[in-house]
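Each chain, letter by letter, is given below.
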Amino acid sequence: MEIRILPDAFDPGAELARFSTDRSGTGAIVTFTGLVRDDGGALHALEIEHYPGMTEAAVTAMVAEAEGRWTLTDALVVHRHGTLRPGEPIMMVATAARHRAAAFAAAEFLMDYLKSRAPFWKKETTRDGTSWVAARDEDEAALDRWT
Amino acid sequence: MIDVLYFAWVRERIGLPRERVETDAPTVAALVDQLRAREDRYEAAFADLSAIRVAVDQQLTGFDAPLTGVREVAFFPPMTGG
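For the structure given in this document, a descriptive report is provided here. Note that the coordinates shown come from a computational prediction; the quantities given were computed from them, not determined experimentally.

Section: the overall build of chain B
In terms of helices and strands, chain B carries 3 helices and 5 strands. Starting at the N terminus and walking to the C terminus, you meet the elements of chain B as β-α-β-α-α-β-β-β. Relative to the globule expectation of 12 Å for 82 residues, the C-alpha radius of gyration of chain B, 12 Å, shows essentially globular dimensions. With respect to the principal axes defined by its C-alpha atoms, chain B has extents near 30 × 30 × 20 Å. Looking at chain B as a whole, 48% of its 82 residues qualify as buried.

Next comes the structure, spelled out in structure tokens:
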């Protein structure tokens, strides 16, 4: 597995190209990329705060859990912190497996846990001011299907 | 002494990201009571505990978690990653 929590911009295409290289035994790679969404042009910036140390440990534990549930040949999680602009990639997950079912399921599992159990907090700056993004009940409820 | 860390709006309400706290509180809940008694800004930050999550030595846990041998306690709102 590879986990990178970084302050700088990253290129999801380059990450996928690298992740896909030299993959004998892998028949499927699933990727998810999250972008900074701007609903209606009001968003100026998104600030992502994290908990150095715990973030890496929590994400590592999630990936280990995914590797226990599904037979993966590899997994990658990249997640930004710091100040992001609308349209920039926030994070990506890539899962590699022999067949697609495990790769899809593990990617969904990782996304659900990253949303609600990885110590990141988002703060939006819009033309109306700044506010912390509230956790959504749907994101918390999404974890139920994995228990 | 325990390192107490605050993140997101908990950090903003208390006005600092971390501090060393002299405490003999047996649990996280008792530590919260001790902090709330200090100043209004702590009372404001911890007014609604249902809106706060806690990690002890970087593991998510509950307010009833014991503090014996613990080095670091963190308080923060529900996480919004991804």
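Side note on the packing of aromatic side chains
In total, this model carries 11 aromatic pairs over all chains according to the counting rule given. On the numbers, 5.4 Å between centres and 65° between planes, the contact of Trp70(A) with Phe109(A) is edge-to-face. In this pair, Trp70(A) is assigned in the loop between helix 2 (54-69) and strand 4 (72-80) and Phe109(A) in helix 3 (residues 100-117), connecting sequence segments 39 residues apart. You'll find Trp70(A) and Phe109(A) in the same group, each marked buried. Ring-pair connections join several aromatic residues into one group, and the members of that group are Tyr51(A), Trp121(A), Phe7(B) and Phe76(B). A cation sits over an aromatic face here: Arg23(A) above Phe19(A), 4.6 Å from the ring centre.

Remarks on the interface of chain B and chain A
Every contact between the two is made by 19 residues of chain B and, on the other side, 24 residues of chain A. Interface area for chain B against chain A, summed over the two sides, is near 1700 Å², with a carbon-plus-sulfur share of 58%. Looking at the side of chain B facing chain A, the largest losses of area belong to Met79(B), Thr80(B) and Gly82(B), adding up to 40% of the total buried there. In this assembly, chain B and chain A are joined by 2 salt bridges. The residue Lys123(A) makes a salt bridge to Glu12(B) at a minimum N-O spacing of 2.4 Å.

So, the sheet that holds strand 1 (residues 2-6) of chain A
All names here are of chain A. Reading across from one edge, 1-4-6-2 is the order of the 4 strands in this open sheet, with mixed pairing throughout. The strands lining the two open edges of the sheet, one partner per strand, are strand 1 and strand 2 (28-35). Neighbour-to-neighbour, the strand axes of this sheet turn through a mean angle of 5°, independent of strand direction. As paired strands, strand 1 and strand 4 are joined by 5 bridges and run parallel to one another. Bridge pairing in strand 4 links leucine 6 to arginine 80.

A few points about the packing of helix 2 of chain A against helix 3 of chain A
Residues and elements named next belong to chain A. Running from N to C, helix 2 and helix 3 point in directions that differ by 155°, and their axes come no closer than 10 Å. Relative to helix 3, the element helix 2 is oriented roughly antiparallel. Between helix 2 and helix 3 lies a crossing of right-handed hand. Contacts from Ala58, Val59, Met62, Val63, Glu65, Ala66 and Arg69 of helix 2 reach helix 3 at Phe109, Leu110, Tyr113, Leu114 and Arg117. Taken together, the residues of the contact of helix 2 with helix 3 sort by class into 9 nonpolar, no polar and 3 charged.

Quick word on the sheet that holds strand 5 (residues 82-84) of chain A
Residues and elements named next belong to chain A. Pairing within the open sheet is antiparallel, and its 4 strands lie in the order 5-3-7-8. The open sheet has two free edges, formed respectively by strand 5 and strand 8 (129-132), since each of these has just one partner strand. Across the sheet, the mean angle from the axis of one strand to that of its neighbour is 25°, orientation sign disregarded. Bridge analysis of strand 3 (residues 43-50) against strand 7 (residues 120-126) gives 7 bridges, and the strand direction is antiparallel.

Rules and cut-offs
Residues numbered from 1 in each chain as written. Chains lettered and ligands numbered in written order. Predicted model: local features only at pLDDT ≥ 70, side-chain atom pairs only at ≥ 80, totals over all residues. Heavy atoms only, no water. Helix = DSSP H or I, 4+ residues; strand = E, 2+ residues; numbered from the N terminus. Rg over C-alpha atoms; globule rule 2.2 N^0.38 Å. Buried < 20%, exposed > 50% of the residue type's maximum accessible area, 1.4 Å probe, protein only. Phe/Tyr/Trp six-rings, centres within 6.5 Å; stacked < 30°, edge-to-face > 60°. Lys NZ or Arg CZ within 6 Å of the ring centre and 35° of its normal. Contact = heavy atoms within 4.5 Å. Buried area = accessible area lost by both parts, 1.4 Å probe. Salt bridge = Lys/Arg side-chain N within 4 Å of Asp/Glu carboxyl O. Pairing = 2+ DSSP bridges. Axes fitted to C-alpha atoms, helices over the stretch in contact; angles between N-to-C directions. Parallel < 35°, antiparallel > 145°, perpendicular 65-115°, else oblique. Left-handed = near helix turned anticlockwise from the far one by under 90°. Nonpolar A, V, L, I, M, F, W, Y, C, P; charged D, E, K, R; others polar.

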